[in-house]
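# Analysis of the macromolecular model
In case you want the letters, here they are:
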Amino acid sequence: MRMATKKENLAQYYFHQGTNFTAYDYMGAHFDEKKNAYTFRTWAPNAHEIYLAADFNGWKKTHPLKKESDGGLWSIDVPRECFENSDIYKFIVVRNGED
């Protein structure tokens, strides 16, 4: 698992506690200027694997998300060059070997 910042740890803590009332700022896709990348995050507590699919990777399972917490948060950072703010994306969730 990647190391989270203090702000991410707090957002993650509040999310799992059920009191993160601004989860929309934490979940989904958000550009991070410090990383010069888009962070994609989702919650899937029963998933075994999750992939990011979009135009930049031909809608294939080539970009696996990493599990951030035992509570089911997953994320991936994608360089700015790969993704545009208006691009469409989806998460492919795998459980028991089935999409």
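Now for a look at the structure at hand. Every chain is numbered on its own, with residues counted from 1 as its sequence reads. A pLDDT threshold of at least 70 governs which residues receive local features in this predicted model, and a stricter bar of 80 or more applies before side-chain atom pairs are shown or counted, although totals over entire chains, interfaces and linings include all residues. To get the side-chain values, all heavy atoms of the structure are used, and hydrogens and water are removed first.

## Things to note about the sheet that holds strand S4 (residues 63–64)
Read across the open sheet, the three strands follow the order S4-S3-S7; overall the sheet is antiparallel. Of all the strands in the sheet, the pair left with one neighbour each is S4 and strand S7 (89–94). We call two strands paired when DSSP finds no fewer than two bridges between them. Under the DSSP-based scheme used, a helix requires at least four consecutive residues in state H or I and a strand at least two consecutive residues in state E, with every element numbered from the N terminus. In this sheet, S7 lies alongside strand S3 (residues 49–54) in antiparallel orientation, the contact comprising six bridges. Opposite Leu52, over in S7, you have Phe91 as the bridge partner.

## A closer look at the packing of aromatic side chains
In this scheme Phe, Tyr and Trp rings, the latter by its six-membered ring, pair at centre separations within 6.5 Å, and the angle between planes marks the pair as stacked below 30 degrees, edge-to-face above 60, and tilted otherwise. For the structure shown, the criterion picks out seven aromatic pairs. Aromatic side chains Tyr38 and Phe83 sit 5.1 Å apart centroid to centroid with 70 degrees between the ring planes, which places their arrangement in the edge-to-face category. Here the residue Tyr38 occupies a position in strand S2 (residues 37–43), and Phe83 occupies one in the loop between strand S6 (73–79) and S7, the gap between them amounting to 45 residues. Burial classes: relative accessible area under 20% of the type maximum marks a residue as buried, over 50% as exposed, and values in between as partly exposed (1.4 Å probe, protein chains only). For Phe83, a relative accessible area of 3% puts it in the buried group. Ring centres 6.4 Å apart and planes at 90 degrees place the aromatic pair Phe56 and Phe83 in the edge-to-face group. Taken together, the residues span a long stretch of sequence, with Phe56 in the loop between S3 and S4 and Phe83 in the loop between S6 and S7 at a distance of 27 residues. An aromatic cluster is present here, built from Phe31, Tyr38, Phe40, Phe56, Phe83, Tyr89 and Phe91 joined pairwise through their rings.

## Concerning the sheet that holds strand S5 (residues 66–67)
Taken in spatial order, the four strands of this open sheet run S1-S2-S6-S5, and their pairing is antiparallel. Each edge of the open sheet is held by one strand with a lone partner, namely strand S1 (28–32) and S5.

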